[in-house]
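Listed here are the chains, written in short residue letters.
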Amino acid sequence: MRPEPPFHQQSFRPPSSWPYPRWWAHRGAGRLAPENTLAAFRLGARHGFKAFECDVKISADGVAFLFHDTELERTTSGLGVAEEHTWAQLSQLDAGGWHSPEHVGEPIPTLSDIARFCFETGSDLNIEIKPTPGHDAHTGASVALETARLWAQHTRMPLLSSFSTSALEAARGTAPHLPRALLLDELVPGWLEQSLELGCSAVVIDHPLLDTTVIAQLHAVGLFVMSYTVNDVDVAEQLMRWGVEGLITDVMDRAAWPAGPQLR
Ligand code: G3P
Ligand code: MG
């Protein structure tokens, strides 16, 4: 039997069928810079990334901003539930000092700031809608509306994803033209049907849940497969052999990937 070619020379689908790059920088630049800040995006871009994942919420006065946790404490100088603050309050916080002295004073970016970065660098964006529990529909609809407004003059749309089916449903109601992906950290009964009912283009699955059966099920119904958070070269090689289209990673340094991932 002939040995398989190295993973970076393999192709599993015609490149034109998956509209985005294969590699996505998680939260901007993984752990190398404060997550979900412009500093992280700039660092990810310096490492060659052309596609970025980020988490987005809505402030108390309706501004879409990048943020992961429900509460402000871990990654900012603020206190309390992030979405309960106005943008005037959030914009004053230090979202970099927790990470390292060189990033002290780094602000929380708005989605509009990140859209500008994407247009300037020609980057793709995966916007994970991250509602505060109980705010799912409001956050989904508001993030979709703002995304549609920001990208109105562009042809390549960001991919909206969420663990929240209510948020994705609301996003579809507001901006049905934006591609959607259901995020899965477990394969709950009916997960495939749910992805199809939401009109998703892709699913984004925690990588230990993936195997050839799951991937075949998804491809058979025309859904693309993305996986998070892939920080190990052996795992990445296997997922690529299996035909996974998108890999979200914290590992920015190409030298850490012996075979050199294809960043585009
Ligand atoms: O979108 C994939 C990944 O970001 C989901 O997990 O907690 O890092 O937002 P989390
Ligand atoms: Mg995320």
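Everything that follows concerns the structure shown earlier in this document.
A. Here's a closer look at the overall build of the chain. A tally of helices and strands in the chain yields eight helices and nine strands. Split into buried and exposed, the 264 residues of the chain put 53% on the buried side. Carbon together with sulfur atoms contributes 52% to the accessible area of the chain, which is approximately 11,600 Å² in total.

B. A look at the coordination of the magnesium ion (ligand 2). At this site the magnesium ion (ligand 2) is bound by E53 (OE), D55 (OD) and E128 (OE), with donor distances of 2.0 to 2.2 Å. Mapped onto the sequence, the residues coordinating the magnesium ion (ligand 2) show the spacing E-x1-D-x72-E. Of this pair, D55 sits in strand β2 (residues 51–58) while E128 sits in strand β4 (residues 124–129), placing them 73 residues apart in sequence. E128 shares its class with D55; the two are buried.

C. Here's a closer look at the packing of helix α1 (residues 38–46) against helix α3 (residues 111–121). Relative orientation of the contacting elements α1 and α3 amounts to 20°, with a least axis distance of 11 Å. One element, α1, and the other, α3, form an angle in the roughly parallel class. Our pair here, α1 against α3, has a crossing hand that is right-handed. Contacts from L38, F41, R42 and A45 in α1 reach D113, I114 and F117 in α3. Looking at the contact of α1 with α3, its residues break down into five nonpolar, no polar and two charged.

D. Representation of the site of ligand 1 within the structure. Ligand 1 sits among H26, R27, E53, D55, H68, E128, K130, F163, L183, Y228 and I248. A distance of 2.8 Å is found between an oxygen atom of ligand 1 and a side-chain nitrogen or oxygen belonging to H26. In the complex, the protein chains occlude 90% of the 290 Å² of accessible area that ligand 1 would expose alone.

E. Local environment of the pairing of β4. Buried residues dominate β4, accounting for six of its six residues. Here β4 shows a buried face lined by D124, N126 and E128 and a second buried face lined by L125, I127 and I129. The pairing of β2 with β4 spans six bridges and is classified as parallel. Following the sheet pairing, C54 is matched in β4 by I127. For the crossover from β4 across helix α4 (residues 136–150) to strand β5 (residues 159–162), the handedness is right-handed.

F. Up close: the pattern of salt bridges. Per the stated rule, a full pass over the model turns up ten salt bridges. Note that E35 and R27 form a salt bridge whose closest N and O atoms lie 3.0 Å from each other. Judged by relative accessible area, which is 12%, E35 ranks as buried.

G. Up close: the pairing of β2. Of all eight residues in β2, eight are buried, a share of seventy percent or more. With burial as the criterion, each face of β2 is covered, one bearing A51, E53, D55 and K57 and the other bearing F52, C54, V56 and I58. Of the pairings in the sheet, the one linking β2 to strand β3 (residues 64–66) comprises three bridges and is antiparallel in character. Paired with V56 across the two strands is L66, which belongs to β3. Counted along the chain from β2 to the antiparallel partner β3, the turn is five residues long, and its residue G62 has a positive phi close to 90°.

H. Molecular detail of α4. Taking 1.5 Å per residue, 15 residues should reach 21 Å; α4 reaches 21 Å between its end C-alpha atoms and fits that length. Inspection of α4 places T139, G140, V143, A144, E146, T147, A148 and L150 among the buried residues, and these make up the whole buried set. If you follow the buried residues of α4, they end up packed against β2, β3, α3, β4, β5 and α5 (165–174).

I. Spotlight on unusual backbone geometry. In this structure, R27 is a non-glycine residue whose phi angle is positive, near 55°. In this structure, R27 sits in the loop between β1 (23–25) and α1. Here N36, not a glycine, exhibits a phi torsion of approximately 55°, which is positive. You can see N36 is positioned in the loop between β1 and α1.

J. Structural context of the packing of aromatic side chains. Throughout the structure, instances matching the rule amount to ten aromatic pairs. On the basis of an interplanar angle of 25° and a centroid distance of 4.9 Å, the ring pair of F41 and F52 is categorised as stacked. Here F41, found in helix α1, pairs with F52, found in strand β2; they are eleven residues apart in sequence, far enough to count as distant. Note on F41: relative accessible area 0%, which makes it buried. Where F163 meets Y228, the ring centres are 6.2 Å apart and the plane angle is 80°; that geometry is what we call edge-to-face. Taken together, the residues span a long stretch of sequence, with F163 in the loop between β5 and α5 and Y228 in strand β8 (residues 224–228) at a distance of 65 residues.

Definitions and limits used
- Residues numbered from 1 in each chain as written.
- Chains lettered and ligands numbered in written order.
- Predicted model: local features only at pLDDT ≥ 70, side-chain atom pairs only at ≥ 80, totals over all residues.
- Heavy atoms only, no water.
- Helix = DSSP H or I, 4+ residues; strand = E, 2+ residues; numbered from the N terminus.
- Buried < 20%, exposed > 50% of the residue type's maximum accessible area, 1.4 Å probe, protein only.
- Areas by Shrake-Rupley, 256 points an atom, 1.4 Å probe, with all protein chains shown as cover.
- Donors = N, O, S within 2.8 Å, 3.2 Å for Na, K, Ca; no water.
- Axes fitted to C-alpha atoms, helices over the stretch in contact; angles between N-to-C directions.
- Parallel < 35°, antiparallel > 145°, perpendicular 65-115°, else oblique.
- Left-handed = near helix turned anticlockwise from the far one by under 90°.
- Contact = heavy atoms within 4.5 Å.
- Nonpolar A, V, L, I, M, F, W, Y, C, P; charged D, E, K, R; others polar.
- Near = heavy atom within 4 Å.
- Polar contact = N/O pair within 3.5 Å; in protein donor to acceptor, adjacent residues only side chain to side chain.
- Pairing = 2+ DSSP bridges.
- Right-handed = clockwise from strand over helix to strand, strands pointing away.
- Salt bridge = Lys/Arg side-chain N within 4 Å of Asp/Glu carboxyl O.
- Expected span 1.5 Å × (residues − 1).
- Phe/Tyr/Trp six-rings, centres within 6.5 Å; stacked < 30°, edge-to-face > 60°.

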